[in-house]
Amino acid sequence: MSPASEVVVHANPELLAAACAARLVTRLVDLQAAKGSASLVLTGGGTGIAILEQLRTAPARDAIDWSRLDIYWGDERFVPADDAERNERQARKALLDHVPVDPARVHAMAPSDGEFGADPDAAAAAYAEVLAANAQPEDHGSVPTFDVLLLGLGGEGHTASIFPESPAAYETERSVVAVRNCPKPPPTRISLTFPAIRSAAEVWLVTTGEAKADAVALALSGAGEVQLPVAGARGRRRTLWLLDKAAAGKLGTVPAFPHV
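Residues numbered from 1 in each chain as written. Predicted model: local features only at pLDDT ≥ 70, side-chain atom pairs only at ≥ 80, totals over all residues. Heavy atoms only, no water.

1. Details of the overall build of the chain
Move 1: The number of helices and strands found in the chain is 7 helices and 9 strands.
Move 2: For 260 residues, the compact-globule formula gives about 18 Å, and the C-alpha radius of gyration of the chain, at 17 Å, lands near that figure.
Move 3: Viewed in the frame of its principal axes, the chain has a C-alpha envelope of about 50 × 40 × 35 Å.
Move 4: Looking at the chain residue by residue over its 260 residues, the buried ones come to 54%.
Move 5: Put simply, 75% of the contacts in the chain that link residues at least 6 apart link residues at least 24 apart.
Move 6: Carbon and sulfur atoms make up 52% of the accessible area of the chain, which totals about 11,000 Å².
Move 7: Between the mean site of the 24 positive side-chain charges and the mean site of the 32 negative ones, the chain shows a separation of 4 Å. (Helix = DSSP H or I, 4+ residues; strand = E, 2+ residues; numbered from the N terminus. Rg over C-alpha atoms; globule rule 2.2 N^0.38 Å. Buried < 20%, exposed > 50% of the residue type's maximum accessible area, 1.4 Å probe, protein only. Contact = heavy atoms within 4.5 Å. Areas by Shrake-Rupley, 256 points an atom, 1.4 Å probe, with all protein chains shown as cover. Lys, Arg positive; Asp, Glu negative; His and termini not counted. Charge placed at Lys NZ, Arg CZ, Asp CG, Glu CD.)

Dropping the structure here:
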């Protein structure tokens, strides 16, 4: 396990989502106080959307200056804009339609019926251009230094839409790629790559359920990122695992594991 990894275990998925939402409020408020603005990369999935729903109803929600928050996505399902499976649509319903975000600072990936049509490679390249346009000189590259990047993971170890042994798992140059033939539907997606994910100051890996326990334990015990992509998700300054008890259920096999 990387010395930079931290782990927090909550009793159940509901407490995890509420605690993560509260943690986000605190972190974003602190960042905005320190430097005027903040950036957040969202994730989809049941846990990712539950966090946004908790954030919407959190009493401290309005402590965040939503107009000074840049919002990105770690991956997106390449489906039409009005498809219920689209991460952006779910995030808007859960949170973004209920807070005063600046539309110009909400950076969504293109849908399959958008300006690039059914060409996921063009949509991925366009999102890479969005990232490059928002990178600052101090970022030393073509990707912003995201303040907080949220990620989930699958039972087989995928994160964002980087699946085990897939071409995206081998990508070392591009920041965003099209992903085809995903082993779970929908088969075509757009995803940040490891270089983009690791540009984040903080990566928060959030997951629940016994089905994720093996992947969590393997990632924290040093598995390779091509075979288990979530093992390659880490932040420049912090990598934080936020788990419920079921997802953390096999961590006892990891030596000197810091249960919290």
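2. Structural notes on the pairing of strand E6 (residues 176-179)
Each regular strand displays side chains that alternate between the two surfaces of the sheet.
Move 1: With burial as the criterion, each face of E6 is covered, one bearing Val176 and Ala178 and the other bearing Val177 and Val179.
Move 2: Relative to strand E7 (residues 189-192), E6 runs antiparallel, the two sharing 4 bridges. Bridge pairing in E7 links Val179 to Arg189. (Pairing = 2+ DSSP bridges.)

3. With respect to the layout of surface pockets
Move 1: When its volume is computed, the largest pocket comes out at roughly 340 Å³.
Move 2: Forming the walls of the largest pocket are 22 residues, and the residues nearest its centre are Gly44, Gly45, Gly152, Leu153 and His158.
Move 3: Looking at the lining of the largest pocket, the elements with two or more residues in it are helix H2 (45-57), strand E4 (75-77) and strand E8 (202-207).
Move 4: No other element matches H2, which puts 4 residues into the lining of the largest pocket.
Move 5: Within this model, the second largest pocket holds a volume of roughly 220 Å³.
Move 6: Surrounding the second largest pocket, 13 residues form its lining, Asn134, Gln136, Asp139, Pro144 and Thr145 being those nearest its centre. (1 Å grid on protein atoms, 1.4 Å probe; cavity = no way out; pocket = protein on both sides within 12 Å on 5 of 7 lines; lining within 4 Å. Points joined across faces, edges and corners; volume = space filled by probe spheres on them.)

4. Overview of the pattern of salt bridges
Move 1: On inspection of all chains with the given rule, the structure shows 14 salt bridges.
Move 2: In this structure, Arg92 engages Glu88 in a salt bridge whose closest nitrogen and oxygen atoms are separated by 2.8 Å. In this pair, Arg92 and Glu88 both sit in helix H3 (residues 87-94), 4 residues apart, roughly one turn of the helix.
Move 3: For the salt bridge of Asp121 with Arg180, the shortest nitrogen-to-oxygen distance reads 2.5 Å. In this pair, Asp121 sits in helix H4 (residues 120-134) while Arg180 sits in the loop between E6 and E7, placing the two residues 59 residues apart along the sequence.
Move 4: By relative accessible area, Asp121 is classed as partly exposed at 37%.
Move 5: Via salt bridges that share partners, Glu6, Arg27, Glu202 and Arg238 belong to a single interconnected network. (Salt bridge = Lys/Arg side-chain N within 4 Å of Asp/Glu carboxyl O.)

5. Structural notes on the sheet that holds E4
Move 1: The antiparallel open sheet is built from 3 strands, whose spatial order is E4-E7-E6. If you trace the sheet from one side to the other, it starts and ends with E4 and E6, each paired once. Strand-to-strand twist in this sheet, taken as the mean axis angle between neighbours without regard to direction, amounts to 15°.
Move 2: Against the sheet, H4 engages E6 and E7, with an angle of about 160° to E6. (Axes fitted to C-alpha atoms, helices over the stretch in contact; angles between N-to-C directions.)

6. A closer look at the confidence of the model for the chain
Move 1: For the chain, the average pLDDT comes to 94, and 95% of its residues sit at 70 or higher.
Move 2: The low-confidence segment residues 253-260, where pLDDT is below 50, has 13 contacts with residues more than four positions distant or belonging to other chains. (pLDDT = per-residue confidence, 0-100.)

7. Quick notes on the environment of Trp73
Move 1: Of note, Trp73 is situated in strand E3 (residues 69-73).
Move 2: The spatial distance from the C-alpha of Trp73 to the C-alpha of Asn134 is 14 Å, given a sequence separation of 61 residues.

8. So, the nonpolar core
For soluble globular proteins, the rule of thumb is that nonpolar side chains tend to be buried together.
Move 1: Counting residues in hydrophobic clusters, the biggest one holds 49 residues, and the most contacted among them are Phe146, Leu149, Leu192, Ile197 and Trp241.
Move 2: Filtering out sequence-adjacent residues up to four positions away, Phe146 remains in contact with Ser39, Val41, Tyr72, Leu131, Leu192, Ala196, Ser199, Ala200, Ala201 and Glu202.
Move 3: Counting 34 residues, the second largest nonpolar core, distinct from the first, contains Ala17, Val25, Trp73 and Val101. (Core = buried A, V, L, I, M, F, W, Y, C linked by side-chain atoms within 4.5 Å.)

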